[in-house]
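# Fold and geometry: a report
Each chain is listed here by its residues.
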Amino acid sequence: MILIFLVGSIAIGETRAWDSHSAHLIQAQRWEVGVFQPFRYGLSEDLEYSVHPVWFFVMPNISFKRSQADLGTFKTATRFSMVYPTPLLNMVSKDDIGWLIDPN
C-alpha cells in the first residue's frame, strides 16, 4: 500500500525545483514563506536571500544563495550565512540552578 502511494505521488506530484535545501534558486521577484522554513525572496535569476522570521528576533540571521556554473548536469550554488547567536545565548544563561549555560 505504501509503495503504491509513493509511486503515485512521484508520478503525479508537483516537484519544486527551488527547494531551500537544493542548489536551485527561487525565481526572480518570487517569495516563499513557511511555518518551519525561512522566508525566501529571489532578488535576481542568480541570487536569493532568506531569513528565519521567527528566529530573527532571538537569533538574528540572514543567508544569501548565489548560483554558480553548472557541472555537466549538476546544478551548483554557494550559500553565505551570517548568524548572531548572542541574544539567544544571553536568554539561556543565568546564575540560577536549572538554566542551560553558566554566564561565566
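Keep in mind that this is a model prediction, so the values were computed, not measured.

### Things to note about the overall build of the protein
Regarding its fold elements, the protein presents two helices and five strands. When the helices and strands of the protein are placed in sequence order, the string is α-β-β-β-β-β-α. The buried share of the protein, reckoned over its 104 residues, is 18%. Counting contacts in the protein only where the partners sit at least 6 residues apart, residues at least 24 apart contribute 18% of the total. For the protein, the accessible surface area stands at approximately 8,200 Å², while carbon and sulfur atoms represent 66% of it.

### What to know about the pattern of salt bridges
Applying the stated criterion across every chain, the model contains five salt bridges. The salt bridge partner of E32 is R40, with a shortest N-O separation of 3.1 Å. K65 is the salt-bridge partner of E48, the closest N and O atoms lying 3.8 Å from each other. Of the two residues, E48 is situated in strand β3 (residues 47-51) and K65 in strand β4 (residues 61-67); the sequence distance between them amounts to 17 residues. Taken individually, E48 and K65 each receive the classification buried, so the pair is uniform in this respect. When salt bridges with common partners are traced through the structure, they connect E32, R40, E48 and K65 into a single cluster.

### Some details on the side chain of N61
Topologically, N61 is positioned in strand β4. Using a relative accessible area of 10% as the deciding quantity, one classes N61 as buried. A polar atom in the side chain of N61 sits 3.0 Å from the backbone oxygen of M59. Non-local contacts of N61, meaning those with residues more than four positions away in its chain, are made with V51, H52, W55, F56, M82 and V83.

### A few points about the side chain of S50
Checked against the element boundaries, S50 lands in strand β3. Since its relative accessible area comes to 9%, S50 is described here as buried. Discounting residues that sit within four places of it in the chain, S50 has contacts with P38, F39, R40, I62 and S63.

### Thoughts on a nonpolar patch on the surface
Residues L43, F64 and F80 make up a contiguous nonpolar surface patch of about 280 Å² in total accessible area. Relative to the helices and strands, L43 is located in strand β2 (residues 39-44). Exposure remark for L43: the relative accessible area of 37% places this residue in the partly exposed category.

Reading the values: rules and limits
- Residues numbered from 1 in each chain as written.
- Predicted model: local features only at pLDDT ≥ 70, side-chain atom pairs only at ≥ 80, totals over all residues.
- Heavy atoms only, no water.
- Helix = DSSP H or I, 4+ residues; strand = E, 2+ residues; numbered from the N terminus.
- Buried < 20%, exposed > 50% of the residue type's maximum accessible area, 1.4 Å probe, protein only.
- Contact = heavy atoms within 4.5 Å.
- Areas by Shrake-Rupley, 256 points an atom, 1.4 Å probe, with all protein chains shown as cover.
- Salt bridge = Lys/Arg side-chain N within 4 Å of Asp/Glu carboxyl O.
- Polar contact = N/O pair within 3.5 Å; in protein donor to acceptor, adjacent residues only side chain to side chain.
- Patch = residues over 30% accessible without salt bridge, like charges linked within 9 Å, V, L, I, M, F, W, Y side chains within 5 Å.

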